[in-house]
Structure formats: C-alpha cells, structure tokens
Amino acid sequence: MSLHVEVYGQGEPLVMLHGWGMHGGMWGDVVAKLAETNSVHVVDLPGHGFNAGEGQNVEPQLPYSLLHSPYSLDSITEALCAEFSHPITLCGWSLGGQIALHWARRDPQKIQRLILVSSTPYFVRQGDWDCAMEAETLAGFAAALTENYAMTLRRFLALQVRGSEGERELLASLRTALFSRGEPDLAALQAGLNILRDSDQRKELASIEQATLIIAGERDTLTPLAASAYMANKMPNARLAEIKGAAHAPFLSHPEIFVQHIKDFMYG
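Residues numbered from 1 in each chain as written. Predicted model: local features only at pLDDT ≥ 70, side-chain atom pairs only at ≥ 80, totals over all residues. Heavy atoms only, no water.

This part is about the overall build of the protein. Helix and strand counts for the protein come out as 9 helices and 7 strands. Here the C-alpha atoms of the protein give a radius of gyration of 17 Å, agreeing with the 18 Å that 2.2 N^0.38 yields for 268 residues. Principal-axis analysis of the C-alpha atoms gives the protein an extent of 50 × 40 × 35 Å. Put simply, the protein has 268 residues, and 56% of those count as buried. Long-range contacts, defined as pairs at least 24 residues apart, comprise 78% of the intrachain contacts of the protein with a sequence gap of at least 6. (Helix = DSSP H or I, 4+ residues; strand = E, 2+ residues; numbered from the N terminus. Rg over C-alpha atoms; globule rule 2.2 N^0.38 Å. Buried < 20%, exposed > 50% of the residue type's maximum accessible area, 1.4 Å probe, protein only. Contact = heavy atoms within 4.5 Å.)

Let's shift gears to helix α6 (residues 186-198). Within an α-helix, residues lying three or four positions from one another point in the same direction, as the helix has 3.6 residues per turn. Taking 1.5 Å per residue, 13 residues should reach 18 Å; α6 reaches 18 Å between its end C-alpha atoms and fits that length. Judged by how many residues are buried, α6 sits mostly within the fold: 10 of 13 residues are covered. Listing the buried residues of α6 in full gives Ala187, Ala188, Leu189, Gln190, Ala191, Gly192, Leu193, Asn194, Ile195 and Leu196. Where the residues of α6 are buried, they touch α2 (73-83), α3 (95-106) and α4 (135-161). (Expected span 1.5 Å × (residues − 1).)

Here we come to the pattern of salt bridges. Per the counting criterion, the structure on display carries 13 salt bridges. Glu12 is the salt-bridge partner of Arg113, the closest N and O atoms lying 2.1 Å from each other. Placement of Arg113 in strand β5 (residues 111-117) and of Glu12 in strand β2 (residues 12-17) is noted, with a sequence separation of 101 residues between them. Look at Arg113 and you get buried, because its relative accessible area is 18%. Each of Glu6, Asp44 and Arg181 takes part in a single network of salt bridges with overlapping partners. (Salt bridge = Lys/Arg side-chain N within 4 Å of Asp/Glu carboxyl O.)

If you look at soluble globular proteins, the nonpolar side chains tend to sit buried side by side. If you look at the biggest cluster of nonpolar residues, it comprises 82 residues, and the most contacted ones within it are Trp27, Leu114 and Phe258. The element that contributes the greatest number of residues to this core is α4, accounting for 9 residues. Aside from chain neighbours lying at most four places away, what touches Trp27 is Met16, Leu17, His18, Val42, Cys91, Trp93, Phe251, Leu252 and Phe258. (Core = buried A, V, L, I, M, F, W, Y, C linked by side-chain atoms within 4.5 Å.)

The next point concerns the sheet that holds β2. A sheet is described by the order of its strands in space; here 7 strands give the open sequence β1-β3-β2-β4-β5-β6-β7, paired in mixed fashion. With partners counted over all chains shown, the strands left at the sheet margins are β1 (4-8) and β7 (238-243), one partner each. Each adjacent strand pair in this sheet contributes to an overall mean axis angle of 20°, direction not counted. Sheet topology note: the β2/strand β4 (residues 88-93) ladder contains 4 bridges and is parallel. (Pairing = 2+ DSSP bridges. Axes fitted to C-alpha atoms, helices over the stretch in contact; angles between N-to-C directions.)

Attention now moves to the environment of Gly192. With respect to the helices, strands and loops of the structure, Gly192 is situated in helix α6. In this structure Gly192 comes out as buried when scored by relative accessible area, which is 3%. Separated by 119 residues in the primary sequence, Gly192 and Leu73 place their C-alpha atoms 9.0 Å from one another. Beyond its immediate chain neighbours, meaning those up to four positions away, Gly192 contacts Trp20 and Leu95.

So, about the pairing of strand β3 (residues 38-44). Judged by how many residues are buried, β3 sits mostly within the fold: 7 of 7 residues are covered. Neither face of β3 is exposed, since Asn38, Val40, Val42 and Asp44 on one face and Ser39, His41 and Val43 on the opposite face are all buried. The sheet contact formed by β2 and β3 spans 6 bridges and is parallel. By the bridge assignment for β3, Val15 is matched with His41.

Right, let's talk about empty space enclosed by the protein for a bit. If you walk through the whole model with that rule in mind, you get 1 cavity of 30 Å³ or more. In this model, the largest cavity occupies a volume close to 50 Å³. The element contributing the most residues to the lining of the largest cavity is α6, with 3 residues. Its residues assigned to classes, the lining of the largest cavity comprises 7 nonpolar, 2 polar and no charged. (1 Å grid on protein atoms, 1.4 Å probe; cavity = no way out; pocket = protein on both sides within 12 Å on 5 of 7 lines; lining within 4 Å. Points joined across faces, edges and corners; volume = space filled by probe spheres on them. Nonpolar A, V, L, I, M, F, W, Y, C, P; charged D, E, K, R; others polar.)

Here it is in structure tokens:
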C-alpha cells in the first residue's frame, strides 16, 4: 500500500504520524517551524487523508478482524518501512504513538530517535492499569461509527481538547481541518479503534532503547499524564516533557513550547 507523504524543509529527517481518524494536515503550524531545521515528512496513514479510498475493498463490518488487514500494526509498519529507507527521527501522536512504539521495537536500526506525543502503551483501562480510557467508552465509539462516523469523529475531537487552554478555538480549528483531505475509510477507522483496544505494549517498553522524548499535556483526559510518566519510567532512555495547560493536542494549543521541546531534544 502506498502512502501519501508531504516533505517540508531540509536537514535531518523527522517523520510525523497523526492520530486516529485524523490526517497529516492536523499538525498545523508546527510543521513549518520544525522545517526550519529538519526535513519534515508528514504522513497520511493508510485509509486516512489523501490515502482514503485505497482500502474500499475491505469490508467495513464489526467485529473487524486485523489478521489480514492493511490497517493492522504490522501492515502499517511495513508500509512505513517501504516508504522510508534511511534512519529517521519518528514522531507519533496518540494512535501514531502506538504505531511509533511498534515500529521502533521492530526496526531499531531505522528509528534513531523517538518522540511520543499524547501517547500511551495501552489505551484501555484494566484492573492493573487505571491511567486510560474506560473500555465501554471506546466500545461506544466503535458502535457509533456504523451509524454516523462523521458525528463520532467530531465527538472525539471534543474529547481531545477538553480542558485545554483555548478549548473553544482549538475545537473550531480541528473541526475545520477534519475533512480537509477527504473522509477516512470506515474500515481504517474501525481497525484503528481495534488497535487502541487491543495493543498493550507495556511489557515491551524496556526493550525500546532509542533516545525518546515523551510530550504530554497536563490536562489530557484521553491519554493521561500518568501514562506518559509510566513510559518515561519504563523506557531506558526516555524523558518526559509536560506542557502546562495543554490537553491531547499540545502542538495546536502550545505550538512554540512544543517545537522548542523537539528542537532541544534533537539538537540541544
């Protein structure tokens, strides 16, 4: 499966992976700021953004099997590996962070550094894991997709900015950008929720040895700050950068601070 990738600037390659139901355009103004020092590769994940439509032959039914899906973690990682042949710094937001963790463990020679934004090793709350979303909430999103996926995505946007400084303005900006690259494939949306539901990478964190920057919003309710602190504690070469007043999209609410954290991590 081919990927739509936009490249900005010159220098060391920085690859950016967006979150569930989103696309590369959601990164906003931070791309131009990062392109001042880097060659920034903004990816539309399979079935999202300008890649939507390639998976229309996949049956969008629940329960959705990832065994032979072009939207499984392994399939997405294989597509990314084919796209990027040289060592990179990899930045993943939310679902993109799950993909980034998987790719970094699978191909440590290619992923030189790792940046995890509003991410978590496990998205769903369990008995031994309480810094996560309730399973029933995620199941509700999955059920609602088949009825009205556009409304479901808009509800998800509201959760991303809840509690953030400038919440109302951020939500309006996200809603404007949401379908600016077309509508995502329903099968990709369903498969992405399954990844969030099923992918538990807590045990693998200790084996990810790349230098890692973990950026977390103080007010994030989707992937709480405690999940980022857990990753920073378990990964051998990770450090945590907390952004005060930010929720799940710190690169939109606090772009200058976000960019400075990345530049300090890469060049400081």
